[in-house]
Amino acid sequence: MIRAGDDPLHSRKMEKIRARLPADNSFQSVAEDLIAVRFVASQKAEVTIEKARWYLLHLTPTIGPRPIDAVEPAELLAVLKKIEKAGKRETAVRTRAFASRVFRHGVAMALCTHDPAAMLGGVLATPSVTHRAALLEPHPAFGAAHQLCSDR
C-alpha cells in the first residue's frame, strides 16, 4: 500500500469509522437520519419537518433505495426535470436543495465522497416570480384599527 502511495493507517481508521456507522447507506436512510438529526432533534416546527419529508417523498421512488454513494447527477436531474415539467419549478429547486443537504450529511458521515446535487445548481429553470403592488392606502373596512397599526 505504501508503494502505491496509500496510507495504511488512514485506511484502517476509515474502515473503523465506517464500521461504526449504520450499515444501511441508502439515500432514503441517510435522508431520514438527516431529518431526525437536523429537524426533529433540533425541535423544528412540525410543518418544517413535514415539508422535509415531502421533499424526500419526491426523491424516494427513484433514488431512495439506491446507495447514496452510487447516485449519479443524471439520476437526480431526471427526477428534478420530471417535477419541473409538471410546472412545479419552485418545488424542483427546493427538492434539489434538500437532496444537496442529504448528500452533505452523507459526506459528513463518510457514506459518500461528494454532493451530486451541487453540480445541478444552475440546470433547473428559475421559478417565475409574480410581483404584487404595495398597498398604499388602508382599506376603508379596516377603519381606525388599521390606522393605529400604521402609525407605529
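Described in the following lines is the structure provided in the data block. Just so we're clear, the structure is a prediction, and the values are computed from it rather than from any experiment.

### Brief notes about the pattern of salt bridges
With the rule as written, the count across this model stands at three salt bridges. The salt bridge involving Glu84 is made with Lys81; its shortest N-O contact spans 3.0 Å. Of the two residues, Glu84 and Lys81 are both situated in helix H4 (residues 73-85); the distance of three residues between them amounts to about one turn of the helix. With relative accessibility at 14%, the residue Glu84 sits in the buried group. Classification of Lys81 by relative accessible area gives partly exposed; the value is 26%. Residues Arg94 and Glu90 are paired through a salt bridge, measuring 2.6 Å at the closest nitrogen-oxygen approach.

### Looking at the packing of helix H3 (residues 46-63) against helix H5 (residues 89-108)
Taken N-terminus to C-terminus, the directions of H3 and H5 make an angle of 95 degrees; their axes are 9 Å apart at the nearest point. One finds that H3 runs roughly perpendicular with respect to H5. Judged by residue contacts, Ala52, Trp54, Tyr55, Leu56, His58 and Leu59 of H3 engage Thr91, Arg94, Thr95, Phe98 and Ala99 from H5. Of the residues in the contact of H3 with H5, the class split is seven nonpolar, three polar and one charged.

### What about unusual backbone geometry?
Phi is positive for Gln43, which is not a glycine, with a value near 55 degrees. Mapped onto the elements, Gln43 comes out in the loop between helix H2 (27-40) and H3. By relative accessible area, which is 70% here, Gln43 ends up exposed. A positive phi is found at Ala110, a non-glycine position, where the angle reads about 60 degrees. Examined against the element boundaries, Ala110 turns out to sit in the loop between H5 and helix H6 (143-151).

### Things to note about H3
Its 18 residues give H3 an end-to-end C-alpha distance of 25 Å, which sits within 8% of 26 Å, the value for a rise of 1.5 Å per residue. By the largest-angle criterion, Leu57 marks the main kink of H3, which is about 30 degrees, and a proline, Pro61, follows within four residues. Those residues of H3 that fall on the buried side of the exposure criterion are Ile49, Ala52, Tyr55, Leu56, Leu59, Thr60 and Ile63. Taken together, the buried residues of H3 touch H2, H4 and H5.

Rules of the game
Residues numbered from 1 in each chain as written. Predicted model: local features only at pLDDT ≥ 70, side-chain atom pairs only at ≥ 80, totals over all residues. Heavy atoms only, no water. Salt bridge = Lys/Arg side-chain N within 4 Å of Asp/Glu carboxyl O. Helix = DSSP H or I, 4+ residues; strand = E, 2+ residues; numbered from the N terminus. Buried < 20%, exposed > 50% of the residue type's maximum accessible area, 1.4 Å probe, protein only. Axes fitted to C-alpha atoms, helices over the stretch in contact; angles between N-to-C directions. Parallel < 35°, antiparallel > 145°, perpendicular 65-115°, else oblique. Contact = heavy atoms within 4.5 Å. Nonpolar A, V, L, I, M, F, W, Y, C, P; charged D, E, K, R; others polar. Expected span 1.5 Å × (residues − 1). Bend = angle between axes of the 7 residues up to and from the residue.

Just geometry here; none of it tells us what the structure is for.
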